[in-house]
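Residue-level structure breakdown
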Amino acid sequence: MSNERAAVHSGGCQCGAVRYKLYAEPYGSHLCHCRMCQKAFGAFYAPLTLIRHEDFDWTRGTPAVFHSSSEVARGFCGACGTPLTFDYQGSKHLNVSIGSLDHPDRVKPETQIGIESRVPWYDQLTALKEETTEQAISPDRLAQMRNHQHPDHDTDDWPA
């Protein structure tokens, strides 16, 4: 019998150079609207979830780290730039980017924080016109596209 723990979630960066596993269900899932998170994610907010450090493990590669403040280290892929973690120094838990999970749909945000920096039209986003990828991009262009993104599951080797 193996002493290895079973992973509850896995994830990683877009290019596949950095991968990780969560060995427990994350908690405290939230959207952070603070200006630092907006810049770190290049988006209107950062979707994050918490996991205890002992329930998290890097399984491929090592993330690059940027100290966005004296208290926070942000882990990201040095090759493709995918935001992966947000770590308050000395904290018992780690924030993991929900979008980097292989199945982000399984982790629903519960709260919003940093709302003083939330863009004023955030509540209007669901009213925007919607299109599928096939509606937004011509069939000819879609046929020419080749995906270089790592699949949403662990692989023995990457690139394939």
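Below: a short report on this structure. (Residues numbered from 1 in each chain as written. Predicted model: local features only at pLDDT ≥ 70, side-chain atom pairs only at ≥ 80, totals over all residues. Heavy atoms only, no water.)

Quick look at the overall build of the protein now. Looking only at helices and strands, the protein features 3 helices and 10 strands. What you see in the protein, going N to C, is helices and strands ordered as β-β-β-α-β-β-β-β-β-β-β-α-α. Considering only C-alpha atoms, the protein reaches an extent of 50 × 45 × 25 Å along its principal axes. Taken across its 160 residues, the protein has 34% of its residues classed as buried. (Helix = DSSP H or I, 4+ residues; strand = E, 2+ residues; numbered from the N terminus. Buried < 20%, exposed > 50% of the residue type's maximum accessible area, 1.4 Å probe, protein only.)

Within a sheet, neighbouring strands are paired by backbone hydrogen bonds and run either parallel or antiparallel to one another. Overall, antiparallel pairing links the 3 strands, which are arranged 1-2-5 in an open sheet. A strand with exactly one partner marks an edge of an open sheet, and here the two such strands are strand 1 (9–12) and strand 5 (56–60). Taking the axes of each pair of neighbouring strands and ignoring which way they run, one obtains an average angle of 25° across the sheet. (Pairing = 2+ DSSP bridges. Axes fitted to C-alpha atoms, helices over the stretch in contact; angles between N-to-C directions.)

Below, the discussion takes up the pairing of strand 6 (residues 64–67). Looking at chain direction, strand 6 and strand 7 (residues 72–76) are connected through 4 bridges and run antiparallel. Bridging across to strand 7, Val65 finds its partner in Gly75. A loop of 4 residues connects strand 6 with strand 7, the two strands running antiparallel in sequence.

Turning our attention to the packing of aromatic side chains. Applying the stated rule across the entire model yields 6 aromatic pairs. On the basis of an interplanar angle of 85° and a centroid distance of 4.8 Å, the ring pair of Phe56 and Trp58 is categorised as edge-to-face. Taking the relative accessible area as the measure of exposure, Phe56 reaches 11% and is therefore buried. We classify Trp58 as partly exposed; its relative accessible area is 27%. A ring pair is formed by Phe86 and Tyr88, whose centres lie 5.0 Å apart and whose planes are at 85°; its orientation type is edge-to-face. (Phe/Tyr/Trp six-rings, centres within 6.5 Å; stacked < 30°, edge-to-face > 60°.)

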